[in-house]
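# Understanding the architecture of this molecule
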Amino acid sequence: VSPAHSQPLRTALTSVLTHARSLTDGEVASYIPELARQDPEQLGIALASVRGTIHAWGDSEAEFTIQSISKPFTFALALDALGLAAVTEHVGLEPSGEPFNAISLEETSGRPLNPMINAGAIVTTSLIAGDDDAEKFAVVRDGLSAFAGRRLDVDEDVYLSELDTGDRNRALAYLAQAAGTLASSAEVATRAYFRQCSLRVNARDLAMMAATLAGGGINPLTRERVVSEDVARWTIAVMTSCGMYDASGDWLVRVGLPAKSGVGGGIVALQPDQFGVGTFSPRLDARGNSVRGVGMLEQLSKEFGLHMLEHR
Ligand code: GLN
């Protein structure tokens, strides 16, 4: 996506947004009570090229909590610090085909199946350096901010709401602790994980974060190397196989871009070496993926022939 193409891009994006506005299915997440307060009509999209060109439309500056979109980025930070072998002793790389909050632990190893579902993400956060949740969260916040190219803040209300109602996540952490795959106490891991999920972003931040992975680990604007090229590739691979939970296979057929969704209403997608996209619309389908976000990315993929397996 270069500026030279921005006129057709503008036309296509206007049509994508118009079409997305007609999609009114789905519900705003309510299992975290504070999320139910979001305005369901918000709709934004941003694209960032690996060269640092940004295009943004609609409510691209509206902030929401990153939720599960934090998972690939924290996974990347753990991989960068510890390497693939050490991380995969604790968490697998296999699509689970199960909902994001599934009780997923491999029978023999006790590892959660992958780092994109809650069980695997909580274990991943436990692997981040730090003696307590504050120290671990500080590392996560610095790292995710480096991906975004600006300092990200926590939505305290969402954090407290999740802390208050996150028993299922606590249960997942305790199961991993019992299986010996958690690298900290269950309480430390879940508190750091809840804070990580409560970081506030907008569609533009998500586009930059994805563009940093697409650019092999270098933030297109700050030029900072956030993670190594290998780590960026491994992370994109896991997004490809597991990024949309139990809709990952369907997504790969219909959209064909590495992606990750979150229950705050965001989705990131990317094309390696090319660009990152961030979308925002809070109404979710039954699997927890943004209805309008999926709609926009599906249409964009078709219109621009972005499917990774496209015959060229
Ligand atoms: N913080 C949320 C949870 O753990 C993240 C889930 C999601 O975005 N799918 O339930």
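Thresholds applied
- Every chain is numbered on its own, with residues counted from 1 as its sequence reads.
- Only residues with pLDDT of at least 70 get local features here, since the model is predicted, and only at 80 or more are side-chain atom pairs given and counted; chain-wide, interface and lining totals rely on the full set of residues.
- UniProt positions are given in the numbering used here, feature names are shortened, and annotations may be inferred rather than shown by experiment.
- Only runs of H or I of at least four residues qualify as helices and only runs of E of at least two qualify as strands under DSSP, and these elements are numbered from the N terminus.
- Our radius of gyration looks at C-alpha atoms and nothing else; its globule reference is 2.2 Å times the residue count to the power 0.38.
- In this scheme the burial state of a residue depends on its C-beta neighbours within 10 Å: 20 or more other such atoms mean buried, 12 or fewer mean exposed, and anything in between means partly exposed; the C-beta positions come from the backbone.
- Between N-to-C directions, angles cover 0 to 180 degrees, with each direction set by a line fitted to C-alpha atoms, over the stretch in contact for helices.
- Just so you know how the angles are binned, under 35 degrees is roughly parallel, over 145 roughly antiparallel, 65 to 115 roughly perpendicular, and the rest oblique.
- In this scheme, a crossing is called left-handed if the near helix is turned counterclockwise away from the far one by less than a right angle; it is called right-handed if the turn is clockwise.
- Residues are treated as contacting if the C-beta atoms built from their backbones sit within 7 Å of each other.
- Here, nearness means that the C-beta atom of a residue, built from backbone geometry, sits within 6 Å of the molecule or strand in question.
- Residue classes follow a fixed rule: Ala, Val, Leu, Ile, Met, Phe, Trp, Tyr, Cys and Pro count as nonpolar, while Asp, Glu, Lys and Arg count as charged, and any other residue, Gly among them, counts as polar.
- Per the annotation, domain bounds derive from an automatic or database assignment of domains.
- Helix span, as expected, comes to 1.5 Å for every residue beyond the first.
- The rule for pairing is simple: two strands pair if DSSP sees at least two bridges between them.

In the annotation of an unreviewed UniProt entry, the entry for the protein chain reads Glutaminase, and the organism field reads Microbacterium koreense. Looking at the Catalytic activity (unreviewed entry) heading of the UniProt record, one finds this comment for the protein chain: "L-glutamine + H2O = L-glutamate + NH4(+)". The record held by UniProt for the protein chain lists under Subunit (unreviewed entry) the comment "Homotetramer."

The subject of this paragraph is the overall build of the protein chain. For the protein chain, the helix and strand inventory stands at 12 helices and 9 strands. For a compact globule of 312 residues, the expected C-alpha radius of gyration is about 20 Å, and the protein chain comes in at 18 Å, within 12% of that figure. Along the three orthogonal principal directions, the C-alpha set of the protein chain runs to about 55 × 40 × 35 Å. Within the protein chain, buried positions represent 56% of all 312 residues.

Quick look at the packing of helix α2 (residues 70–82) against helix α4 (residues 118–127) now. Running from amino to carboxyl end, α2 crosses α4 at an angle of 40°, the nearest separation of the two axes being 9 Å. Compared by their axis directions, α2 and α4 come out oblique. Where α2 crosses over α4, the handedness of that crossing is left-handed. Residues K71, T74, F75, A78 and L82 of α2 form the contact with α4, whose own contacting residues are A121, T124, T125 and L127.

Next up on the list: the site of the ligand. Taken together, Q67, S68, F100, N101, N118, E162, N169, C197, G262, V263 and G288 form the complete shell of residues around the ligand. Looking at the shell around the ligand residue by residue, the classes come out as 3 nonpolar, 7 polar and 1 charged. Residue contributions to the shell around the ligand reach at least three from each of two domains, namely domain 1 (3–64 + 200–304) and domain 2 (68–197).

Frequently, the measure chosen for interface size is the accessible area that the parts lose on association. Along its sequence, the protein chain is carved into domain 1 (3–64 + 200–304) and domain 2 (68–197). Using C-alpha coordinates to define each centre, domain 1 is positioned 21 Å away from domain 2. Taken together, the contacts link 38 residues of domain 1 with 35 residues of domain 2. If you list the elements that add at least two residues to the side of domain 1 that touches domain 2, you get β5 (200–201), α9 (203–214), α10 (229–242), β6 (259–261) and β7 (266–271). The residue inventory of the side of domain 1 that touches domain 2, partitioned by class, reads 19 nonpolar, 12 polar and 7 charged.

So, on to the environment of L252. If you trace the backbone, L252 turns up in helix α11 (residues 248–254). On the basis of neighbour count, L252 is assigned to the buried category, with 20 C-beta atoms found within 10 Å. Taking the C-alpha atoms as reference points, L252 and C242, 10 residues apart in sequence, are found 9.8 Å from one another.

Its 12 residues place the ends of helix α8 (residues 186–197) 16 Å apart at the C-alpha level, agreeing with the 16 Å of an ideal helix rising 1.5 Å per residue. Most of α8 sits out of view: 11 of its 12 residues are buried. Along α8, the residues classified as buried are A186, V188, A189, T190, R191, A192, Y193, F194, R195, Q196 and C197. For α8, the elements touching its buried residues are β4 (64–65), α2, α4, α5 (133–148), α6 (156–165) and α7 (167–179).

Read from one edge to the other, the open sheet built from 5 strands follows the order β3-β2-β8-β7-β6, with strand pairing classed as antiparallel. Two strands close off the open sheet at either side, each with one partner strand: β3 (54–58) and β6. For this sheet, the mean inter-axis angle between neighbouring strands, taken without regard to orientation, is 10°. Across 5 bridges, the pairing between strand β2 (residues 44–49) and β3 is antiparallel. Its bridge partner being in β3, I45 is matched across the sheet by W57. Here α9 sits on the sheet in contact with β2, β3, β7 and β8 (275–280), set at roughly 150° to β8.

The N-to-C vectors of α4 and α8 enclose an angle of 105°; their axes lie 9 Å apart at closest approach. One way to sum up the angle between α4 and α8 is to call them roughly perpendicular. Touching A121, I122, T125 and S126 of α4 are A189, T190, A192, Y193 and Q196, all from α8. Residue classes in the contact of α4 with α8 are distributed as 5 nonpolar, 4 polar and no charged.

Along β2, 6 of the 6 residues are buried, which leaves the element largely enclosed by surrounding structure. From the end of β2 to the start of β3, which pair antiparallel, there are 4 residues, and G52 there has a positive phi angle of about 100°.

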